[in-house]
Amino acid sequence: MLETILKCFEQPDEIRSFEKGKFEIVHIGGMTIGRATYQPGWKWSVHVGPTVGASRCNVEHVGLVLSGCATAAIEGGAIHELRPGMLFYIPPGPPGHDSWVVGAEPYVSLHFLGAGHYAKK
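In short, a report on the structure. (Residues numbered from 1 in each chain as written. Predicted model: local features only at pLDDT ≥ 70, side-chain atom pairs only at ≥ 80, totals over all residues. Heavy atoms only, no water.)

Observations concerning the sheet that holds strand β5 (residues 70-74)
Two strands in a sheet stick together by hydrogen bonds in their backbones, pointing the same way (parallel) or opposite ways (antiparallel). What counts, and what does not: Strands pair, by our definition, only if DSSP identifies at least two bridges between them. Where helices and strands are cited, they refer to DSSP runs of H or I of at least four residues and of E of at least two residues respectively, numbered from the N terminus. Only the stretch in contact is used when fitting a helix axis, every axis being a line fitted to C-alpha atoms; angles between N-to-C directions are given from 0 to 180 degrees.
Taken together, three strands build an open sheet; the order of strands is β6-β5-β8 and the sheet is antiparallel. The outermost strands of the open sheet, each flanked by one partner alone, are β6 (79-82) and β8 (97-101). Strand-to-strand twist across the sheet, computed as the mean angle between neighbouring axes with direction ignored, equals 20°. Where β5 and β6 come together, four bridges link them in antiparallel fashion. Its bridge partner lying in β6, Ala-73 is registered against Ile-79.

Shown next, in the form of structure tokens:
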């Protein structure tokens, strides 16, 4: 018999913390889902990259922006603004991508693909 499972990000299975941000992970229904929370001034290449030994993020992402604004800057390519309500797909690297918070409001997004590998050595 199958059971219903209820979880919330207020009690995540794992938290990956770094300066100016955190990535909370919940495992549910065979999926790994992440919630990214980044403070103003956060930048992937400065606040996450050094902890994982990379200058760019090479993780594939599918996500949904809940609040705030950030960029996804593909190495040698386009820079996209991610705003509330937007669903996004960012391909895996190389060449990889950088990202940073835009403005004075914290950025929060859910990640449905790539969460298990994000901000992990």
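Some thoughts on the sheet that holds strand β2 (residues 21-28)
If you trace the six strands from one edge of the open sheet to the other, you get β1-β2-β3-β9-β4-β7, paired in antiparallel fashion. Looking along the sheet, the strands with just one partner apiece sit at the ends: β1 (14-18) and β7 (87-90). Averaged over all pairs of adjacent strands, the angle between their axes in this sheet comes to 25°, without regard to strand direction.

As for the nonpolar core
The cut-off we apply is this: By convention a nonpolar core is built from buried Ala, Val, Leu, Ile, Met, Phe, Trp, Tyr and Cys residues, the set being connected through side-chain atoms within 4.5 Å. Partly exposed describes any residue whose relative accessible area lies between the buried limit of under 20% and the exposed limit of over 50%, with all areas from a 1.4 Å probe on protein chains only and scaled to the type maximum. Any two residues whose heavy atoms approach within 4.5 Å at even a single point are treated as in contact.
Core analysis: the largest hydrophobic core is formed by 20 residues, its most contacted members being Phe-18, Phe-23, Tyr-38, Trp-42, Tyr-107 and Tyr-118. If you list the elements that add at least two residues to this core, you get β2, β3 (31-38), β5 and β7. In this view, Tyr-118 contacts Arg-16, Phe-18, Phe-23, Tyr-38, Trp-42, Trp-44, Val-48, Cys-57, Val-59 and His-61; residues no more than four positions away in its chain are not counted.

With respect to the environment of Gly-103
Mapped onto the secondary structure, Gly-103 falls in the loop between β8 and β9 (107-113). Residue class for Gly-103 comes out exposed when judged on its relative accessible area of 53%. In sequence terms Gly-103 and Ile-74 are 29 residues apart; their C-alpha atoms lie 20 Å from each other.

Overview of the pattern of salt bridges
For clarity, the threshold we go by: We define a salt bridge as a contact between a side-chain nitrogen of Lys or Arg and a carboxyl oxygen of Asp or Glu at a distance within 4 Å.
Inspection of the entire model under this criterion finds nine salt bridges. Of the charged contacts, one joins Glu-10 and Arg-35 as a salt bridge, the two residues approaching to 3.8 Å between their closest N and O atoms. Of this pair, Glu-10 sits in the segment before β1 while Arg-35 sits in strand β3, and the two are 25 residues apart along the sequence. On the accessibility criterion, Glu-10 (60% relative accessible area) is exposed. Its salt-bridge partner being Glu-81, residue Arg-83 comes within 2.7 Å of it at the nearest N-O pair. Residue classification places Arg-83 among the partly exposed residues on the basis of a relative accessible area of 41%. For Glu-81, a relative accessible area of 37% gives the class partly exposed.

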